[in-house]
Amino acid sequence: SGNLNPVALNVWAKHMDWQLIIAADNDRKTETEGKRNAGLEEGRKAAINIGASLVYPSFPDGIDGSDFNDLAGIEPLTEVVNMIQNPQQETRVCL
């Protein structure tokens, strides 16, 4: 997540006419350990900085996972793709 903002700014500078979507990790496990949710925080910063939509996965308690690859392992791929392709201005992608 440390390089997300510079990469997002670089892509945006080259493609200002694109509707960009930041698909952030949701490092919720680190929050339960008293640490920050770096994936979500950095994703939100990048989305705000370039005016992009933000999507991130949400998992029920007891289900491990932090990113869309994890979500695709338990949810039909077509559902995951639909969630990413049809975001609201900050869409929380849930099971």
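Reference entry: report on the structure contained in this document. Small disclaimer: the values here were computed from a predicted structure and weren't measured.

How each quantity is defined
Position numbers for residues count from 1 along each chain, tracking the sequence in the order it is written. Reporting in this predicted model follows two pLDDT cut-offs: at least 70 for local features of residues, and 80 or more for side-chain atom pairs to be given and counted; totals over whole chains, interfaces and linings ignore these cut-offs and use all residues. As a rule here, side-chain values come from all non-hydrogen atoms in the structure, and water together with hydrogens is ignored. Take the buried Ala, Val, Leu, Ile, Met, Phe, Trp, Tyr and Cys residues and link them wherever side-chain atoms come within 4.5 Å; each set so joined is a nonpolar core. For every residue, the accessible area obtained with a 1.4 Å probe (protein chains only) is divided by the maximum for its type, and the residue is called buried under 20%, exposed over 50%, and partly exposed between those limits. We count a stretch as a helix when DSSP gives it H or I for four or more residues in a row; a strand needs E for two or more, and each element gets its number in order from the N terminus. Here, residues are in contact when the closest pair of their heavy atoms is within 4.5 Å. For the purposes of these results, a polar contact is taken to be a pair of N or O atoms within 3.5 Å, where, inside protein, one atom must be able to donate a hydrogen and its partner to accept one; residues adjacent in sequence count only when each atom of the pair is a side-chain atom.

1. Side note on the nonpolar core
Generally speaking, soluble globular proteins have nonpolar side chains that are buried together. Formed by Ala8, Leu20, Ile22, Ala24, Leu40, Ala46, Ala47, Ile50, Ala52, Leu54 and Tyr56, the largest nonpolar core amounts to 11 residues. Listing elements by their share of this core, those giving two or more residues are helix H3 (38-50) and strand E2 (53-57). Element by element, the count of residues in this core is highest for H3, at four residues. The contact partners of Leu40, leaving out residues within four places of it in the chain, are Ala24, Asp25, Asn26, Leu54 and Tyr56. Ranked by size, the runner-up nonpolar core spans six residues in total, among them Phe59, Leu71, Val80 and Met83.

2. Focus on the environment of Leu71
Structurally, the position occupied by Leu71 is in helix H4 (residues 68-72). The sequence separation of Leu71 and Pro57 amounts to 14 residues, and the corresponding C-alpha distance is 6.9 Å.

3. Quick word on the side chain of Asn5
On the secondary structure map, Asn5 appears in helix H1 (residues 4-14). Among the polar contacts made by the side chain of Asn5, one reaches the side chain of Asn49 at a distance of 2.9 Å. Dropping the residues within four chain positions of it, Asn5 is found in contact with Lys45, Ala46 and Asn49.

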